[in-house]
Each structure stands twice: as structure tokens, then as C-alpha cells.
Amino acid sequence: MEKIRWVIEESEKYLANTTRDPESQPLVIDRGEGVWVYDIEGNKYLDFTSGIGVNNLGWPSHPDVIKVAQIQMTRLAHAAANDFYNIPQMELAKRLVQLSPGNFSKKVFFSNSGTESVEASIKLVKGTGRKYLIAFLGSFHGRTLGSLALTASKPVQRYSAGPFSIGVFHVPYPNPFRNPWKINGYEKPDELINAVIEYIDFWLFQHVVDPEEVAGIIFEPIQGEGGYVVPPHNFFAELRKLAQKYNIPLIDDEVQMGLGRTGKMFAIEHFNIEPDIITLAKALGGGLVPVGATIFRSDLDFKKKGIHSNTFGGNALSMSIGLKVVELIKELMPHVNEIGKIFGEELCQMKVDDCRGLGLAWGIEFVKSDKTPDPKVRDRVVTEAFKEGLIVISAGKSSIRIIPPLVISEEEAKIGLSKLKTAINRVRG
Ligand SMILES: Cc1ncc(COP(=O)(O)O)c(C=O)c1O
């Protein structure tokens, strides 16, 4: 513990103040192996975080991805890929176009993170000449100033950064458990969907902004940072109808939910609609490299050369890794759905106040008797789980996200779930 304390103290001295919490999770990671993470003193933890949706293929990565990376590194890594061409970039773009929903011509822009993939989507839709964007309350889209203007997860994330230069209107997300109309969205999903669609169409569009000035509607297919909130099944079909009525492109932010997390390659495939733009990042880099991708309808392409570009996007190393990653994740889909069922069944039987999810993307929520969020209980569960040797991360006001690497075995799943149950029972008695 002495060494751990020393690293934490020195880190706090020299690193920017971000989101680390030395009290509840004093974790100094040394290495990872599959679904297990080891700290610098050899303590072993089971991981239900996947490095926030990055290590979908396990820690440090899948052996085949590491092999591909090693070979590519000795050949070509950085490639000035927006100025010159390289084959891995061309191949990954082609593969993402093939795999993503949307039976129309598509293209891809590569970057280095989720926020950048969202920034690119903002510029693409603004190329239509329209000015404003619509985003959902509770959504997270990144922390650079464009994507942060869309983010409405927690006020602290926007603290001291505004006012923002892009016009964004935030509207309620169809959260079945907690929404402004107090509709029980599990029992009355259509009522909840109508309330949201009406809010946009009859309130926002009649009183605040002409829909002809709206460049895009951005959403998360399942809200991640906002608490792993799954909307009613028909919501996106209705949103698509509304968007079609006014010719507004839909931007599907799959940075956290994409690439197999929900049991399908793209989470939006559960909801049977074809977005105009899809953003990806996190898991695409196989846990080895940062990468972002914006897949878009070809007619939305940047209208002039030079409107958008970057230095590292499309580099041969991350592209060859991404190609291997998508193939391996695709093969894992039956496994994710099988193990996901175990998670769903067991989590919903624990002493939690709400549980929701798809595949291996689950959220559990803790509330007080009047249904207001209970972050204290949630935080204690996170701390107790850590003492049990299980890493989990919070989401939303009083939820915990349960997102193990997709390669988790049934046995490992049961070990982790049992640790979590112990932690919850200890807090909730
Ligand atoms: C849905 C979503 N979009 C965008 C981002 C931003 O990604 P990054 O942190 O890589 O910039 C995140 C990060 O958690 C996210 O969950």
C-alpha cells in the first residue's frame, strides 16, 4: 500500500485534476490479462469496466491484435494519412461502410478519439448550411468545445467552458425510469415516445427554432455516461420519421455502445433504423491505440478540400489494428448475447432499484424511497466492490455501469456477479 500511496500522492501533485478518486478506488494499474487487472503490488481485480468500453477484447488486447500491431509497427505506423494514402486506412473504411447499418453510399473520416469523431459529425451536418443541433438531456458526446456543447450529462462537465459557439437545443431523452412527465416508460413506452416527439415537434419547432434551420439530431442509442439508459424500443423509428419530415440528418453516437458492446456490432441495429452518421472510437483501437471514426452518408461529405483534416487520423498502425478488432468482435457476438443473458438475469435480482441493458452493457440504479437518486449508496457499492476485488465505474447520478470485456467467460462472469452481490448486500443490508 505504501508504494500505491506514493504513486497517488505524486500523481495528484503533477497531474491535472480530472475524475480519479483516490478514496473509493486507489487503483494503480500495472498490467492486465484478459478480464483481470493487476496493481503495482500484485493485487488482482476482476474488471467490469473494460477501461470504459475500450478493452472489449480484454487486457491488454487480443493476442491476434497484438500480433497485427507488432507486424505493422515495424513496417509503417504514422502515415500522414490525410495527405497521402495507405492501404489499411482504405480497407478499414471499406469494412466499416460494409458493416454499418445504412443501405446507401457511405464514407469514413478517421480521428483519434470519441470527441473528435463527434466534432467531425458536427462539421459534416453544418455543411448543409443549417445552423443548429438538437441533443438529448443526459447524453454525453465529449469534452472538446463543439462536442461539449452537445453534452448534457452533468453540469460539472460544462463548468467554466460556456457559453458555446454552436447553437444546441437539449430535449428530454425517453428515459423509462425517470423523465420530466413521470411516465412509467416500461409500462407505457408509446406514451413516453409520444411525449418526447411532441416536445420536439410541437414545442421546440413551434416556439424556438424552425426545423429548417436544424442541421442534425444527435443521440446515443443507449445513454452511457448518463447511466446506461435504454430507451423504449420504437423510439428511434419515431425519431427517424420526425427527422425525415424535416430532412434533418440523424447522428448516432456509438462511441461507447458500438462495436459489439450490446450484442450487435452497432447498438442502433437493435432499433432497426439507419442513421445518416455514426461515430465510433474507444474499442476500435483494441485497447492498444487511440482511434476515432465518423461514418457518414456520402452526400454529407465536406464540401471543399481542407475543411477538415488532422495529423494522426487514419495512421496505418491504428487502421490495421481496427481491421482485426472488427473481425474479432463480429465473431464474438453469439458469446456476448449468451453471457449477457446471465448478467441480465442476475443483476435484476440484486437489491437494486432499476436494472436495464442489452448484451454486455448493463446499468443498475440506486434511489431513495421517494425515487430521487441515491449517489451515496451507489458510491459505497463501488467502494465495497473494489474491496472485494471487482472494478466497476459509476454512471449518471446514482447508477453503476456493468461493462466487462466481451471475452469474459461464464465462470468469470459468475465470480464478478457474486462479488457485486456481496458488495450490494453489505451496503443495503
Ligand atoms: C457516447 C460518447 N461519445 C463521445 C465520447 C467522448 O469520447 P473520448 O473520451 O474518446 O473523447 C464518449 C466518452 O465517454 C462517449 O461515451
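The structure presented is a predicted model; accordingly, all values stated were derived computationally and were not measured.

About the criteria used
Residues numbered from 1 in each chain as written. Predicted model: local features only at pLDDT ≥ 70, side-chain atom pairs only at ≥ 80, totals over all residues. Heavy atoms only, no water. Helix = DSSP H or I, 4+ residues; strand = E, 2+ residues; numbered from the N terminus. Rg over C-alpha atoms; globule rule 2.2 N^0.38 Å. Buried < 20%, exposed > 50% of the residue type's maximum accessible area, 1.4 Å probe, protein only. Contact = heavy atoms within 4.5 Å. Pairing = 2+ DSSP bridges. Domains from an automatic or database assignment. Buried area = accessible area lost by both parts, 1.4 Å probe. Salt bridge = Lys/Arg side-chain N within 4 Å of Asp/Glu carboxyl O. 1 Å grid on protein atoms, 1.4 Å probe; cavity = no way out; pocket = protein on both sides within 12 Å on 5 of 7 lines; lining within 4 Å. Points joined across faces, edges and corners; volume = space filled by probe spheres on them. Nonpolar A, V, L, I, M, F, W, Y, C, P; charged D, E, K, R; others polar. Expected span 1.5 Å × (residues − 1). Near = heavy atom within 4 Å. Polar contact = N/O pair within 3.5 Å; in protein donor to acceptor, adjacent residues only side chain to side chain. Areas by Shrake-Rupley, 256 points an atom, 1.4 Å probe, with all protein chains shown as cover. Right-handed = clockwise from strand over helix to strand, strands pointing away.

Trainee: What's the story with the overall build of the protein chain in this structure? I'm lost.
Mentor: Helix and strand counts for the protein chain stand at twelve helices and 15 strands. Against the compact-globule benchmark of 22 Å for 429 residues, the protein chain has a radius of gyration of 21 Å, which places it among compact chains. With respect to the principal axes defined by its C-alpha atoms, the protein chain has extents near 60 × 55 × 45 Å. For the protein chain, buried positions account for 56% of its 429 residues. Sequence separation of at least 24 residues holds for 73% of the intrachain contacts in the protein chain that already meet a minimum separation of 6.

Trainee: I would appreciate a short explanation of the sheet that holds strand β13 (residues 390-391) in the present structure.
Mentor: By definition, the strands of a sheet pair up through backbone hydrogen bonds, in either a parallel or an antiparallel sense. Read across the sheet, four strands follow the order β1-β2-β3-β13 without closing on themselves; strand pairing throughout is mixed. At either end of the open sheet lies a strand with only one pairing partner, and these are β1 (29-33) and β13. Looking at chain direction, β1 and strand β2 (residues 36-39) are connected through four bridges and run antiparallel. Looking at the pairing, Ile-29 lines up with Asp-39 of β2.

Trainee: Which parts of the structure should I look at to understand the domain arrangement of the protein chain?
Mentor: Its domain assignment divides the protein chain into domain 1 (2-61 + 333-428) and domain 2 (65-328). Computed from C-alpha atoms alone, the centre-to-centre distance between domain 1 and domain 2 is 25 Å. Listed per partner, the contact involves 36 residues of domain 1 and 34 residues of domain 2. Contact between domain 1 and domain 2 buries roughly 2600 Å² in total, counting both sides, with carbon and sulfur atoms accounting for 57%. Across the domain 1-domain 2 interface, the total number found is two salt bridges.

Trainee: Is there a simple way to think about the layout of surface pockets in this case?
Mentor: The method is simple in principle: a probe with the dimensions of a water molecule rolls over the atoms, and the space it marks as empty is what remains. Estimated volume of the second largest pocket: approximately 850 Å³. Along its surface, the second largest pocket is lined by 24 residues, and Ala-81, Asn-82, Val-108, Phe-109 and Asp-301 are the ones closest to its centre. Put simply, the parts of the chain that give the lining of the second largest pocket at least two residues each are α4 (87-99) and β4 (106-111). With five residues, α4 is the single largest residue contributor to the lining of the second largest pocket. Counted by class, the lining of the second largest pocket contains twelve nonpolar, six polar and six charged residues.

Trainee: So what exactly am I meant to see when it comes to helix α5 (residues 114-126) here?
Mentor: Two residues of an α-helix separated by three or four positions point the same way, owing to the 3.6 residues in each turn. Taking 1.5 Å per residue, 13 residues should reach 18 Å; α5 reaches 19 Å between its end C-alpha atoms and fits that length. When we look at burial in α5, the residues that qualify are Gly-114, Thr-115, Ser-117, Val-118, Ala-120, Ser-121, Ile-122, Leu-124 and Val-125.

Trainee: Explain the site of the ligand to me, please; I cannot follow it from the model alone.
Mentor: The local shell around the ligand consists of Ser-113, Gly-114, Thr-115, Phe-140, His-141, Gly-142, Glu-220, Glu-225, Asp-253, Val-255, Gln-256 and Lys-282. Within the backbone of Phe-140, one N or O atom sits 3.5 Å away from a nitrogen atom of the ligand. Within the side chain of Asp-253, a nitrogen or oxygen atom sits 2.7 Å from a nitrogen atom of the ligand. Taking 390 Å² as the accessible area of the ligand by itself, protein coverage stands at 82%. A class-by-class count of the residues in the shell around the ligand yields two nonpolar, six polar and four charged.

Trainee: Is there a simple way to explain the pairing of strand β8 (residues 250-253) in this structure?
Mentor: When a strand is regular, its side chains alternate between the sheet's two faces. The two faces of β8 match: Leu-250 and Asp-252 on one face and Ile-251 and Asp-253 on the other face are all buried. Relative to β8, strand β7 (residues 214-219) runs parallel, the two being bridged by three bridges. Its bridge partner being in β8, Ile-217 is matched across the sheet by Leu-250. Remark: the β7/helix α9 (residues 235-245)/β8 crossover connection has right-handed handedness. Strand direction decides the pairing type here: β8 and strand β9 (residues 277-280), joined by three bridges, are parallel. Within β9, the residue paired with Asp-253 across the bridge is Thr-279.

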